[in-house]
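# Survey of secondary and tertiary structure
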Amino acid sequence: MGAATATPRAGESRGGRHTTRRHELDWLRTAAVFGLIPFHVAIIFTTSSLDYVKNAQTSAVMDLLTSFVSIWGISLIFLVAGAAARFALASRSVGQYLNERVLRLLVPFTFGMLLIVPAQIYIGRLSSPTPPSFIAFYGDFLGTLLGVFTLHFPPGPEWIGHLWFIPPLMLFAALALPFAWLLRKPAAARVVDWLARGWRGYAALALLGLPLALVQYIASMSGTWFTTTETRFVGNAIGVLAYLLFFLYGYLLYLDERLIGSLRRDAGLTLALGAGAWLALEYGLPGWQGLNASPHLAKAAAALALGYCAWWWVAGILGMAARYLHFTTPTVEYLSRAAYPVYIIHMPILSLIAFWVVRLDMPIAPKFLLIVVASLAASLAVYDLLIRRVGVLRLLFGLNAGGSPPGTPRTRLPGMGARPTQRRRAADVRSIWNRRAAQARS
């Protein structure tokens, strides 16, 4: 798609040889999605964040943990989604690509907004002294949901819950089409080549954080540039641009193998830079008196540290995954298929379990572990026993949008063995039969 060293998807070949599957993307997708369960459980015990269920006792450690992960966690998911779009567009027509995205994103989102999110919110309402009936609550929820279509947004994010992630992803998936077209241009190919070879590959590492820092600065200044009623919406909208950049970075990085190679080579340095940026953001900048004397300078420094902190952590994690996770296991393949349905259903399950656990007389640590383990087990049980076995549920949770999760070629790495001879012969027979059927129809 513009760079000579772009890695093709399944079915593409160079000189008749099929390329290898990028297993690190499966690992990262799986780890990021399942990592949301302990992250969302940790929020229950934080002092600064509101959630559907809260524990009476809070923990500063949970505050630190959630603030750190929130800097790069969701960004990593968007980057992997961008890489998935890159490989999907390499092997599908525009129509096939859009149809797959509708089935995989829009259908589960609609189903989730009608059933999953209201159940999740109602569990939180049960903590009030006089909880409403579900019928009355659901009517109010549908009214709020219909109001969104007329641009009457509610003041908080409760109406959309954890599914807020899907509408930006649908938008980004559509924007991948003009981005892919642009990258076919010779000038774009030269930019990709320069990023890959510049400063032994350090150009990408050094420069890709700057747009993220700029977006963070604009978001931080939205409170002074817009009226009070607009601030929350505009600030959130600007913040989503950072996720768009990570999505496009995921697409861009997998256009040229040298970019992934440089991240793989310098993963340790990248993570060290990310750790330094986080320490500066958390402990250095707040106590710097010179910065505090100038609010605009303080916001600019914080935006620079935040933008590069997010980029360096995501780039370092991707580099480590590319270095060490170039293989797969049956467990990873199973969890990779389960990741998206588990993402959709885990919050109401987690909230229901937490609703009872937070009332137990025990310290925070065992409560945290109990909710995490029970939520993970229950979510996987719902997926395994219901979602993946019932055709309608497979459709509603996006499992019929394609075979395996999108984003990487399906062939095996060298040394893992070839497919059995019987499978190759069966594929040859199917190919001959399809050609004959096409000839008969014509």
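Computed from a prediction, not measured in an experiment: that's the story for all the values here.

### As for the overall build of the chain
Helix and strand counts for the chain stand at 17 helices and two strands. Within the chain, the fraction of its 442 residues that count as buried is 47%. Long-range pairs, those at least 24 residues apart, make up 78% of the contacts in the chain with a sequence separation of at least 6. Here the chain has roughly 21,700 Å² of accessible surface; of this, 68% comes from carbon and sulfur atoms.

### Some details on empty space enclosed by the protein
Summed over the entire model, instances satisfying the criterion amount to two cavities of 30 Å³ or more. Looking at the largest cavity, its volume works out to about 390 Å³. What lines the largest cavity is a set of 21 residues, and nearest its centre among them are Arg29, Ala81, Arg104, Phe165 and Leu169. Those elements that provide at least two residues to the lining of the largest cavity are α1 (23–43), α2 (60–91), α3 (94–125), α5 (166–183) and α14 (330–357).

### Looking at the packing of aromatic side chains
Aromatic ring pairs: the centre-centre distance and the angle between the two ring planes describe each pair. In the structure shown here, the tally under the stated rule is 27 aromatic pairs. When the ring of Tyr122 is compared with that of Phe134, the centres are 5.1 Å apart and the planes differ by 85°; the resulting orientation is edge-to-face. Residue Tyr122 is located in helix α3, and its partner Phe134 is located in helix α4 (residues 134–149); the two are separated by 12 residues in the primary sequence. Aromatic pair Trp164 and Phe165: ring centres 6.3 Å apart, planes at 85°, arrangement edge-to-face. Counting every residue linked through ring pairs, the aromatic cluster contains Phe78, Trp164, Phe165, Phe172, Tyr243, Phe247 and Tyr343. For the cation-ring pair, Arg265 lies above Tyr202, with the distance from its terminal atom to the ring centre recorded as 5.4 Å. The ring of Phe355 has Arg359 sitting right over it, with the charged end atom 3.9 Å from the ring centre.

### Digging into the nonpolar core
Counting residues in each nonpolar core, the largest one holds 125 residues, and the members touching the most others are Met113, Leu253, Trp311 and Tyr343. The element best represented in this core is α2, accounting for 16 residues. Excluding residues within four positions of it along the chain, Tyr343 makes contact with Val33, Leu36, His162, Leu163, Phe165 and Ile166.

### So, the environment of Trp311
Checked against the element boundaries, Trp311 lands in helix α13 (residues 295–324). Taking relative accessible area as the criterion, Trp311 reaches 0% and is therefore assigned buried. Remark: the alpha-carbon pair of Trp311 and Trp72, spanning 239 residues in sequence, is separated by 7.5 Å. Once you skip the residues sitting within four places of it in the chain, Trp311 turns out to touch Ala204, Leu205, Leu208, Gly209, Leu212, Phe246, Tyr249 and Leu253. In this structure the side chain of Trp311 is engaged in a polar contact, spanning 3.1 Å, whose partner is the backbone oxygen of Leu205.

### Focus: a nonpolar patch on the surface
A contiguous nonpolar patch, built from Leu64, Leu279 and Tyr283 and spanning about 290 Å² of accessible area, is present on the exposed surface. One can find Leu279 in helix α11 (residues 267–284).

### A closer look at the pattern of salt bridges
In the structure shown here, the tally under the stated rule is 12 salt bridges. A salt bridge links Asp193 to Arg258, with the shortest nitrogen-to-oxygen separation between them at 2.6 Å. Pair noted here: Asp193 is in helix α6 (residues 186–197) and Arg258 is in helix α10 (residues 257–265), with a separation of 65 residues, a long-range link. One network of salt bridges, with partners in common, ties together Arg22, Glu24, Glu257 and Arg264.

### What about α2?
Helix length check: α2, at 32 residues, gives a terminal C-alpha distance of 48 Å against a target of 46 Å (1.5 Å per residue), a fit within 8%. Of all the bends found along α2, the most pronounced is centred on Ser70 and spans about 45°. For α2, the buried fraction is high: 24 of the 32 residues fall into the buried class. Measuring from the backbone nitrogen of Val61 back to the side-chain oxygen at the start of α2 gives 3.2 Å, which picks out Ser59 as the cap.

### Some details on the environment of Leu263
Positionally, Leu263 belongs in helix α10. The contacts of Leu263, once residues within four sequence positions are left out, are Leu253, Ala315, Leu318 and Gly319.

### As for the side chain of Thr270
In this fold, Thr270 is placed in helix α11. What Thr270 contacts, discounting residues up to four positions off in sequence, is Leu205, Trp312, Ala315 and Gly316.

Calculation notes
- Residues numbered from 1 in each chain as written.
- Predicted model: local features only at pLDDT ≥ 70, side-chain atom pairs only at ≥ 80, totals over all residues.
- Heavy atoms only, no water.
- Helix = DSSP H or I, 4+ residues; strand = E, 2+ residues; numbered from the N terminus.
- Buried < 20%, exposed > 50% of the residue type's maximum accessible area, 1.4 Å probe, protein only.
- Contact = heavy atoms within 4.5 Å.
- Areas by Shrake-Rupley, 256 points an atom, 1.4 Å probe, with all protein chains shown as cover.
- 1 Å grid on protein atoms, 1.4 Å probe; cavity = no way out; pocket = protein on both sides within 12 Å on 5 of 7 lines; lining within 4 Å.
- Points joined across faces, edges and corners; volume = space filled by probe spheres on them.
- Phe/Tyr/Trp six-rings, centres within 6.5 Å; stacked < 30°, edge-to-face > 60°.
- Lys NZ or Arg CZ within 6 Å of the ring centre and 35° of its normal.
- Core = buried A, V, L, I, M, F, W, Y, C linked by side-chain atoms within 4.5 Å.
- Polar contact = N/O pair within 3.5 Å; in protein donor to acceptor, adjacent residues only side chain to side chain.
- Patch = residues over 30% accessible without salt bridge, like charges linked within 9 Å, V, L, I, M, F, W, Y side chains within 5 Å.
- Salt bridge = Lys/Arg side-chain N within 4 Å of Asp/Glu carboxyl O.
- Expected span 1.5 Å × (residues − 1).
- Bend = angle between axes of the 7 residues up to and from the residue.

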